[in-house]
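Tertiary structure, described
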Amino acid sequence: MDFFARQEEARRRTRALAGLFAAAVAAIVLAVYLAVRLLLYNTGVQVGEEERDPFLDPELFAGTAAATLLVIAVGSIYKSAQLARGGSVVAQALGGRPVQPNSTDAKERRLLNVVEEMALAAGLPVPSVYLLEKEPGINAFAAGLTSGDAVVAVTRGALDELSRDELQGVLGHEFSHILNGDMRINVRLAGLLHGILVIALIGYWILRGTGGRSSGSSKKGGGGIALFGLALLVVGWVGVFFGRLIQAAVSRQREFLADSSAVQFTRNPAGLAGALARIASFGSGSAIASHQSEEVGHFFFADGVAKRIFGFLATHPPIAERIRRLDPSLAPPVEASEATPLGDLAAALAGSDDAAVVTSRAAGTSRSPSKAAAFVAAAGRLDAGTVANANALLAGLPGGLREAAREPLTAQALVLGLLLDPRPEVRDAQLTAVAESGNNPLLGELRQLEPSLAAIATSARLPLVDLTLPALRRLSPEQYADFDRLIERLVAADSRIGLFEFSLQRVLRRHLASRFGERPQTGVRFTSISQVREPSHLLLSALAWCGGGDPGQPERAFEAGIALLPGAAAPPQLTPRERCGLAEIDRALADLAAAAPAVRRSLLTACAATVAADRIATADELELLRAIADSLGCPIPPVAAAIAA
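Report follows, based on the coordinates. Here the residue index of a chain counts from 1 through its sequence in written order. It should be noted that, the model being predicted, local features are given only for residues of pLDDT at least 70 and side-chain atom pairs only at 80 or more, the latter also being counted only at that level, while totals for whole chains, interfaces and linings use all residues. Note: side-chain values were computed over all heavy atoms of the structure, leaving out hydrogens and water.

**Some points on the pattern of salt bridges**
When the charged atoms of two side chains with opposite charge come close together, those side chains can pair. Salt bridge, as used here: a side-chain nitrogen of Lys or Arg that lies within 4 Å of a carboxyl oxygen of Asp or Glu. Tallied over the entire structure, the rule returns 21 salt bridges. Glu436 is the salt-bridge partner of Arg489, the closest N and O atoms lying 2.9 Å from each other. One end of the pair, Arg489, is in helix H19 (residues 477-491); the other, Glu436, is in helix H16 (residues 424-436), and 53 residues separate them in sequence. Since its relative accessible area comes to 53%, Glu436 is described here as exposed. Under the DSSP-based scheme used, a helix requires at least four consecutive residues in state H or I and a strand at least two consecutive residues in state E, with every element numbered from the N terminus. Think of it in three bands: with a 1.4 Å probe and only protein chains considered, a residue is buried below 20% of the maximum accessible area for its type, exposed above 50%, and partly exposed in between.

Rendered as structure tokens:
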């Protein structure tokens, strides 16, 4: 199953989840109505002028239903909004602390290295890393609403007890949750469960306020209210019970899928199976001591509850069953045809047959988009090949750059250094802009990093930016605003914005937006290409104008891309260059990011065909494609051989 199919499956699971919870909420509404009716009947309160049936009252039912739904909705929205602030909220609520990039602890540095390798291999922004210091059990989780605000957290037990291979297997499992769209489902689950829990909490507060009185002279007053509180408490906890059943059913299947994906990523089933075996034999197991472990239990790698009264409420399959499924002798072989080596993608685009796509709309025929589709098939891929590419890329970085990416000051200098122009007059103007900012330490770090940055491969530039993201998230809002203004000045120094400059800005703003006040856009608003035809045409036109060649090349490139978009009634026209500015492209990408996975697949395939139309896929064009794919929520791993194009 490819990335887009997994995203579509996540949408279907979300809809099914909503349906199951809707049924649970309907039962809760009915139960609350019966409790209210019993309260009124018990206290002698009459509703309406004449009651033909002591238990059926449409107006009372409507009012009770509205109030119950409002309580559940407010509780769910509150919890969902809290979790939507980023995965760091979950990690901190569970007692986690950020792992400092300059940590001298060997185990923490090993953890950071594995997370960076896995993120770069998947084409994802490097997430912040947290350590649950007070948790001796072996466990981990990934949390966040989008890949840009995701965090990865591990327990102290996992850090101390797991080998590197075992840790990589666990983190591969967690990265699969990010790629499969499971984090958003986790947030929905936690929000819905909290909304139902509020009903039980209201019942508890009522009972506590009345002191539980239910006899004597209070029977018609406080006693009836106490019984009502008890009824709400019971109804709420029964609702939570069935909510937990739904949580367990949804979570268990996703855990099997994540295990399978992790093995595909690492090609080392012994690593993941070894981690599970350690949990089975370890004294603390995978237990989480935090009182919030039950509420967010479905986030974890393994069940965080030490002992459950009812095993069928477990959010994870039994450890023994997970190990059995990971047994290499039982695992089906992965055929080579299922994966295209990423190193060949640049060459595939450079020699793409899509450049010669000739479409006869009247006849309804077109040449096969196999090469562009192969590039798009890399979306969301994390396997042994991409991990090897990421390791090679990191190993090829000049000394000190990886460490520089981990500190806020040097990370800023690194990003600014990537924007320095090779032309002396432009470079001098850029360095003057940094000097005029008054940030002398930043200028000093920038000058120190210049020689190393000049030596890096072009294909390493955006991955290096990805490495800086955890450090840049640690800036204050004021520091980030100053940094963003400096980027603008360096980009504007030569009065034009190049492909790499645009790509860099898109990556930074997309993945730092949620940290500095702008809530990321999520959800699907457009389900067909016809709903986003105008922004699609503008984006393809902008890409067509980026290519070189003779004067007729932009038209041909645009036609190559348009040919792969379904359902056009008439051939659209290439948008004039002057109407393809950055502001217009940003607006187009904002709309296109809200399209369904199938629409984004078609669009990204068309973008790749447009870039490949001149049979030359330059490093800058490939970086631009990755930045566009990233803006559409489709992570493309770095292509190690892109420079050969």
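**Looking at empty space enclosed by the protein**
Points on a 1 Å grid, built from protein atoms alone, make a cavity when a 1.4 Å probe fits but cannot get out and make a pocket when they are open with protein on both sides within 12 Å along at least 5 of 7 lines; residues with an atom within 4 Å of a point are the lining residues. Grid points are joined across faces, edges and corners, and a volume is the space filled by probe spheres set on the points. All told, the structure shown has four cavities of 30 Å³ or more when counted by the stated rule. Estimates place the volume of the second largest cavity at around 70 Å³. Lining of the second largest cavity is provided by Gly123, Leu124, Pro125, Leu462, Asp466, Val507, Arg626, Ala627 and Asp630. Among the secondary structure elements, those contributing two or more residues to the lining of the second largest cavity are helix H18 (461-472) and helix H25 (619-631). If one sorts the elements of the lining of the second largest cavity by residue count, H25 sits on top with three residues. Polarity classes work like this: nonpolar for Ala, Val, Leu, Ile, Met, Phe, Trp, Tyr, Cys and Pro, charged for Asp, Glu, Lys and Arg, and polar for all others, with Gly in that last group. When the residues that make up the lining of the second largest cavity are grouped by side-chain class, the tally is five nonpolar, one polar and three charged.

**Quick look at the packing of helix H4 (residues 106-122) against helix H6 (residues 164-179)**
Between N-to-C directions, angles cover 0 to 180 degrees, with each direction set by a line fitted to C-alpha atoms, over the stretch in contact for helices. Viewed as axis vectors pointing N to C, H4 and H6 meet at an angle of 40°, and their least axial separation amounts to 10 Å. Classified by the angle their axes make, H4 and H6 are oblique. By crossing handedness, the relation of H4 to H6 is classed as right-handed. The residues of H6 that touch H4, namely those facing Arg110, Leu111, Asn113, Val114, Val115, Glu117, Met118, Ala119 and Ala122, are Arg164, Leu167, Gln168, Leu171, Gly172, Phe175 and Leu179. These descriptions rest on fixed angle ranges, namely under 35 degrees for roughly parallel, over 145 for roughly antiparallel, 65 to 115 for roughly perpendicular, and the rest for oblique. Left-handed describes a crossing whose near helix is turned anticlockwise from the far helix by less than a right angle; the clockwise case is right-handed. The contact criterion used is simple: two residues touch if any of their non-hydrogen atoms lie within 4.5 Å.

**A few points about the packing of aromatic side chains**
To describe a pair of aromatic rings, you give the distance between the ring centres and the angle between the ring planes. When the centres of two rings from Phe, Tyr and Trp lie within 6.5 Å, Trp using its six-membered ring, the rings pair. Their planes under 30 degrees apart give stacked, over 60 give edge-to-face, and anything left gives tilted. Summed over all chains, the structure comprises two aromatic pairs. Seen from their ring centres, Tyr33 and Phe61 are 5.3 Å apart, and the 80° between their planes marks the pair as edge-to-face. One end of the pair, Tyr33, is in helix H1 (residues 3-43); the other, Phe61, is in helix H2 (residues 58-83), and 28 residues separate them in sequence. Assessed through its relative accessible area of 3%, Tyr33 is described here as buried. Pairing Phe141 with Phe300 gives two aromatic rings, centres 5.2 Å apart and planes at 80°, and the pair type is edge-to-face. In this pair, Phe141 is assigned in strand S3 (residues 140-143) and Phe300 in the loop between helix H9 (269-281) and helix H10 (319-326), connecting sequence segments 159 residues apart. One exposure class covers both Phe141 and Phe300, and it is buried. Over the ring of Phe301 we find Arg322; its NZ or CZ atom is 4.9 Å from the centre of that ring. A positively charged side chain is recorded as over a ring if its NZ (Lys) or CZ (Arg) lies within 6 Å of the ring centre. The angle to the ring normal must also be within 35 degrees. Over the face of the ring belonging to Phe256 we find Arg325, whose NZ or CZ atom lies 3.6 Å from the ring centre.

**Comments concerning the sheet that holds S3**
Pairing between two strands is assigned when DSSP locates at least 2 bridges connecting them. With respect to topology, four strands assemble into an open sheet ordered S1-S2-S4-S3, the strand pairing being mixed. Both outer strands of the open sheet, strand S1 (97-98) and S3, are each paired with one neighbouring strand and no more. Relative to strand S4 (residues 151-155), strand S2 (residues 128-132) runs parallel, the two being bridged by five bridges. For Ser128, the partnering residue across the bridge sits in S4 and is Val151. Where H4 meets the sheet, its contacts fall on S1, S2 and S4, and the angle it forms with S2 comes to roughly 140°.

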